[in-house]
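Below, each chain spelled out in residue letters.
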Amino acid sequence: ILFSIAIDACGKAEHPDEAARWLLRMESAGLQADVIAYNSVISAYAKLGNVGEAIAWFRRLEGAGLKPDVVSFNGLLHACAKAGDVDDATAWCSRMETSELRPTVVSFTS
């Protein structure tokens, strides 16, 4: 639980690299990170408009065998919006819908 708290705290403090390091430490300790931990890292990068890192961590989430949820996609949409990347935001919204997830109010206000 300490790892999850550290990941979340770093993410909320807009220190995405530190949040990512905590997630990697968690995995190095033999613990499986959950979707919530990955979402914290994705959201941390999204807050800074770092689309590339948000996408990279989204793909790591999938690579870990986890299923992205609406929060995962909302993080990507927020990153795209912050960076002014309308095309990628539209593509991720479409992918969310093809993943049988319904966009929320947050999805449309990112």
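Residues numbered from 1 in each chain as written. Predicted model: local features only at pLDDT ≥ 70, side-chain atom pairs only at ≥ 80, totals over all residues. Heavy atoms only, no water.

1. Some points on unusual backbone geometry
Within the chain, Glu14 stands out as a residue other than glycine whose phi angle is a positive 60°. As for its placement among the helices and strands, Glu14 is situated in the loop between helix H1 (2-12) and helix H2 (16-28). Overall, the relative accessible area of 41% leaves Glu14 in the partly exposed class. With a phi close to 65°, Glu100 is a non-glycine residue in the positive phi region. Since its relative accessible area comes to 75%, Glu100 is described here as exposed. (Helix = DSSP H or I, 4+ residues; strand = E, 2+ residues; numbered from the N terminus. Buried < 20%, exposed > 50% of the residue type's maximum accessible area, 1.4 Å probe, protein only.)

2. Some points on the confidence of the model for the protein chain
The share of residues in the protein chain with pLDDT of 70 or more is 94%, and the mean pLDDT across the chain is 91. The least confident element of the protein chain, judged by mean pLDDT, is helix H7 (residues 105-109) at 65; the most confident is helix H4 (residues 51-63) at 97. (pLDDT = per-residue confidence, 0-100.)

3. Some points on the packing of aromatic side chains
Enumeration according to the criterion identifies five aromatic pairs in this entry. Ring plane angle 65° and centroid distance 6.0 Å describe the contact between Phe3 and Trp22, whose orientation is recorded as edge-to-face. Here Phe3, found in helix H1, pairs with Trp22, found in helix H2; they are 19 residues apart in sequence, far enough to count as distant. Both rings, one in Phe58 and one in Trp92, keep their centres 5.1 Å apart while their planes meet at 65°; by these two values the pair is edge-to-face. (Phe/Tyr/Trp six-rings, centres within 6.5 Å; stacked < 30°, edge-to-face > 60°.)

4. Description of the nonpolar core
One recurring pattern in soluble globular proteins is that nonpolar side chains are buried together. In terms of nonpolar packing, the biggest core is built from 31 residues, with Ile7, Leu23, Val41, Ile42, Trp57, Leu76 and Trp92 touching the most fellow members. Every element with two or more residues in this core is listed here: H1, H2, helix H3 (35-47), H4, helix H5 (70-83) and helix H6 (86-98). Sort the elements by how many residues they give to this core and H3 lands first, with seven residues. (Core = buried A, V, L, I, M, F, W, Y, C linked by side-chain atoms within 4.5 Å.)

5. Let's talk about the packing of H3 against H4
At a minimum axis separation of 8 Å, H3 and H4 run at an interaxial angle of 170°. Classified by the interaxial angle, the pair formed by H3 and H4 is roughly antiparallel. Contact with H3, carried on its side by Val35, Tyr38, Asn39, Val41, Ile42, Tyr45 and Ala46, involves Glu53, Ala54, Trp57, Phe58, Arg60 and Leu61 of H4 and no other residues of that element. Split by residue class, the contact of H3 with H4 holds 10 nonpolar, one polar and two charged. (Axes fitted to C-alpha atoms, helices over the stretch in contact; angles between N-to-C directions. Parallel < 35°, antiparallel > 145°, perpendicular 65-115°, else oblique. Contact = heavy atoms within 4.5 Å. Nonpolar A, V, L, I, M, F, W, Y, C, P; charged D, E, K, R; others polar.)

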